[in-house]
Structure formats: structure tokens, C-alpha cells
Amino acid sequence: MYKLILVDDEEEVRNGIIQKINWELYGFTLVGEAENGREGLEMAEIFTPDVVITDIKMPFMDGLQLSELLKKRFPTIKIIILTGFDKFEYARNAVKLNVVEYALKPVSSKELIEVLLRVKGQIDEEMLKKEDMEVLKEYYIRSLPILKEKFLTYLITSKLNKEEIQEEVKNYDINLNGNRFVVAVINIDYKVTHQNLKMDNSNETDLTKFAVFNIIEEIVYQNQRGTVFMHNNLIVLISPFLEEDRDVIFNKIQSTLEEIRQSIEKYLEITITIGIGTIVNEVSSIADSYQNAIYALDYRFIMGKNRIIWIEDIEPGSKEKIVFDEIMEHDLRSSIKVETEVEIIKTIDNLFYQLVDAKAPFKHFQIYLLEILTTIIKTAESLNVDMTYVFGENYNLFVELYGFNDLNQVKDWFEYISIKIMNYIIKDRKDSCTLLVEKSKAYINKFYSDSSININSICSYLYISPTYFSFIFKRETKMTFINYLTKTRLEASKDLIKTTKMKSFEIAYKVGYAEPNYFSYCFKKQFGISPSEYRIN
């Protein structure tokens, strides 16, 4: 069953359409109905429908405005427009807004069923295409020759010079023409079930990867966003940009990755988490962006899965990133940054376990221990940890290292300092989040009267991305930015109603509503009575 939402401001029309159709008979479930575009958009965000049927002319937000926003936020939704005869040509022009069908009002049940069946056919065809796993596997083998994949692996894991890279990209027809470069890594969070993809258990993991890869490659190709390939069970995207502006680059890569995330969840019923590395200026520095994308992916254990995580949101103060070539160094850094005391102890125990039966000169043991200590210190420095605050004045960790008598003492000390650094990072991150929310609340309290204020304006003020801001704000306040802004405006309007003789439309403008009717609508929805009734009471 495909989920469907009906949006029309006339209740009689809505009821007529609902009663005309046996929705389940034709493969649809009606999950909601709305009386204007704003409510329709809210329902879409809640239910993520497959199809939206909408009228054009509605209060607060018309059908074409709703279609435009749905196209941006939910590119896979199919939109059906209902319109009167005088709006027919207007509706035809709506094709560019992802409108796949339109019908004249009043629409008969026969006409609407025909439209629904055509739309269902489109969705069925898309779903069957994604589920054809054998075709996907063959396409995967054809599209990623071994030599091309080997070069791309070298590109993200080794330091190649610019001349070498330029020669190889010509041989493999890879587009790396740009002034800026950024790498994203995509991790599959959950395996699909045997029933969902109808495949043998022995092939489930590989075929799932092929299916995910195919969707990603298709979207990347359509958006001309770079080169995609697989490495170490991750899907890697290398994107070149001609633009110079950092925010423009991030918005473009974010848009493509969000389309990828939504499409995979819709068609394969699994989720992915995406890490985005730093934006680098040279093609020879792509390996640095890749390593930082891996670091970003580590934070899924804090921020949760099924999202996009940008390393510059998490570690905005770090200018120079530490690039590790050894797996043990990466594991130790990750355990300090995003794990628990138990994970730190387990990681360090594993590092020392390798020394138990080692037969090597003492000098080699010294170098090994210095490398561990250097990794710990560099991890702290990369996150701006105040080492004096953690260890006191005149500390010298290297001198202390040579004061221990055996490996067990060194191991216990490494665990101790790593846990102290981890606790400082947790406190600093919590303080930073609290400060961020306080700044955003102060900004809202100061500028709520400006009708143009939105999440983008406050993120520009705070110098963070909308995705990260939304995550932090909701986690700390238990409500979305829009809900908090609306609450602030409506509380201010209550004071004005009780303490002034201003008219309702004047109060609406005063608290940031460009449309007085929408102000009255929101006020009544929030408090159960109209502004005029509230003044009397």
C-alpha cells in the first residue's frame, strides 16, 4: 500500500473525494487530510507519503507553493494537482514542480481512479527497478573495473602528486575538475530482511551493498556530483566543485546526500549514515578530506544513525587534522572522542595485548609506547582540550612515562589520562551545546518580530549548518526551532492583547506574522480561542 495525503481547503470536496474511492482496492492508504498547504507540509514531514493530492487555490499556502517545498524536501513524492477550469493552463505549468498528474474539478471517481492508477504504475515501475538485484549486480560489475577502483582507493588513502592524479583520471574517465574537493563516506546501518529483497541469505550482504550503491550512483550521476565507489565496506563519494564559497559547496553536497538518504530508505527500507570530510583546495589533498569523513562517521554513536554528519560541525575549531595510517591509532582516537570508559580500557588493553609475547629490542617498545602517548596528546590538542586544566601546571607527560616500572603501570596510566581527556571533551561539548542554544534563544527573543526570520538566518548568525542546529536545538529544548519561534511570538501577542489597545492585525505584524489571518489561525490553534475572545476574557 502506498501512503497518500489529500490537501483541499473545502471540507465538502475532501469528504466527497474520500468517499468516492475505495483506496485500498487500488493500492493506496489515505494517511491524512489537510485544509491548507501549511498543514499539508506538516503532514508530509510526519508521514513521508508516496503521493500528495492537492488543490491549487488555498489560504496560507497554495498548492503550487506546497509542491515547490515538497520537491525540495521530499523529491520522491508524486504530486497530483486538482484545479478549476480557469486554472487549467496554470496547472500544466506545474510539471516542473514534480507534479506528475493533474485533474479538473469537479473530478469524477472514474477520472481520479485513472489518475491514481497511472501514478501507481510509475511508482511500481520505480520499485521493481530497484528490486531487480541481478541486474544491479551485473551493472555494478560493469561500472567499476578493478583498475579504476584500485586507483580511487589509492587516491583516498595515499598522498599522490597532482601530475599522477591528472594522468590517471584521463585513463579512467573520472571527472575531478574543480577548485575545491570534498569526500563523503556512506555506511549502511541496517541489513534488509530476506522478505524485502527476496534474496538468498548467503548473498544478502553483497546484494544489499549493490542495491544501495546503484541508487547512490544514479543520483550522483543525475546531479553531476562526482565519482562514487566502494572501499572497506563503505561507499565513497568524491565531489569536485568550481565554486569558491564554502557555504555554497556544503549546501550542494548536502542536498545531493539528503536525496540519497531519503531514496534508500524509501526504496530499500534500510537506513544509511553519511560522514562529510573537510573541504580541501588541492586534488592531492583528497586523502585528508576522506580521513576526516571517516572521523565524522565515528560520531554516529553520539548523534545517532540515519543522518548526515559534517566534520566541521563537530570539530569547527580544528585547523589541522591528524591523519592516521594505522588502524590502531584510529581506534584509540575514536575511543577517546566518542566512546565510554569501558571502550577506552578495552582499546588500550588490546594495544598492550600485542606486547605480551613480542620479542623485540627495548628501543622498539619505547617507540611503540611513545606513539600511543603521542596519539593521545594529539587527539586532545585537535579538540582544543586545555591540558593544563586536566593535568595541572608544569605537566610533562613524556617525563612521567619514563617514571613507571612496568607495562601494567604504563597501561593503567594511559587509561587514566585518556579517560580524563574524554571527560573534559564531554563537558566541553555539553557546554558548547548549551551556549549554542542560549545564543539561538536570545536571537529569537530579539528578532521574533521580523517575519523573515527562519532557520537559515539563525544558522548564518551562528555559523553552523541547519542539520546540526536542528539536532542540537531539539535535543536541548525538546522542541523544534519553528515550534519555539511560534511559541515566543504567540506569548508576546498575549501580552500585547492584554496590555494595549492595538488591533489584531497590528499585533500580528508586531510579533512577526506577515498575514493577520494566519496569526489568528495559529493563535486559536494554540490557545483554543481567537485573539478577540482572549481580549474579552
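So, a few notes on the structure that sits alongside this text.

**A word on the packing of aromatic side chains**
Working definition: an aromatic ring pair is given by the centre-to-centre distance plus the angle between the planes. Here the structure, examined in full by the defined rule, presents 18 aromatic pairs. On the numbers, 5.1 Å between centres and 40° between planes, the contact of Phe-60 with Tyr-521 is tilted. Taken together, the positions of Phe-60 in the loop between strand E3 (51-55) and helix H3 (63-73) and Tyr-521 in helix H25 (residues 516-527) put the pair 461 residues apart, joining distant regions of the chain. A residue is classified by how much of its surface remains accessible, and Phe-60, at 19% relative accessible area, is buried. Relative to Phe-519, the ring of Tyr-513 has its centre 5.5 Å away and its plane inclined at 55°; by these criteria the two rings are tilted. Accessibility expressed as a relative area gives 7% for Tyr-513, which makes it buried. Looking at Phe-519, the relative accessible area reads 0%, which means it is buried. Site record: aromatic cluster; members linked through ring pairs are Phe-60, Tyr-513, Tyr-518, Phe-519, Tyr-521, Phe-523, Phe-527 and Tyr-534. We note Lys-498 situated over the ring of Tyr-534; from NZ or CZ to the ring centre the distance is 4.7 Å.

**Here we look at the packing of helix H15 (residues 327-338) against helix H16 (residues 341-353)**
In contact at an axis separation of 9 Å, H15 and H16 are set at 160° when each is read in the N-to-C sense. Taken as axis vectors, H15 and H16 run roughly antiparallel relative to one another. H15 and H16 meet at a crossing whose hand is left-handed. Judged by residue contacts, Met-328, Asp-331, Leu-332, Ser-335 and Ile-336 of H15 engage Glu-343, Ile-344, Thr-347, Ile-348 and Leu-351 from H16. Residues that form the contact of H15 with H16 fall into these classes: 6 nonpolar, 2 polar and 2 charged.

**Remarks on the sheet that holds strand E4 (residues 78-83)**
Taken in spatial order, the 5 strands make up an open sheet running E2-E1-E3-E4-E5, and their pairing is parallel. The outermost strands of the open sheet, each flanked by one partner alone, are strand E2 (28-34) and strand E5 (99-104). Across the sheet, the mean angle from the axis of one strand to that of its neighbour is 20°, orientation sign disregarded. Of the strand pairs in this sheet, E4 and E5 are connected by 5 bridges, and their pairing is parallel. Bridge pairing in E5 links Ile-81 to Tyr-102.

**What to know about empty space enclosed by the protein**
Considering all chains together, one arrives at 1 cavity of 30 Å³ or more under this definition. Each pocket or cavity is described by its volume, and for the largest cavity that value is around 60 Å³. In this structure, the largest cavity is lined by 11 residues; those nearest its centre are Ile-308, Ile-309, Trp-310, Asp-313 and Thr-467. Among the elements that make up the lining of the largest cavity, the one with the highest residue count is strand E10 (residues 308-310) (3 residues). When the residues that make up the lining of the largest cavity are grouped by side-chain class, the tally is 7 nonpolar, 3 polar and 1 charged.

Quick notes on the rules
Residues numbered from 1 in each chain as written. Predicted model: local features only at pLDDT ≥ 70, side-chain atom pairs only at ≥ 80, totals over all residues. Heavy atoms only, no water. Phe/Tyr/Trp six-rings, centres within 6.5 Å; stacked < 30°, edge-to-face > 60°. Helix = DSSP H or I, 4+ residues; strand = E, 2+ residues; numbered from the N terminus. Buried < 20%, exposed > 50% of the residue type's maximum accessible area, 1.4 Å probe, protein only. Lys NZ or Arg CZ within 6 Å of the ring centre and 35° of its normal. Axes fitted to C-alpha atoms, helices over the stretch in contact; angles between N-to-C directions. Parallel < 35°, antiparallel > 145°, perpendicular 65-115°, else oblique. Left-handed = near helix turned anticlockwise from the far one by under 90°. Contact = heavy atoms within 4.5 Å. Nonpolar A, V, L, I, M, F, W, Y, C, P; charged D, E, K, R; others polar. Pairing = 2+ DSSP bridges. 1 Å grid on protein atoms, 1.4 Å probe; cavity = no way out; pocket = protein on both sides within 12 Å on 5 of 7 lines; lining within 4 Å. Points joined across faces, edges and corners; volume = space filled by probe spheres on them.

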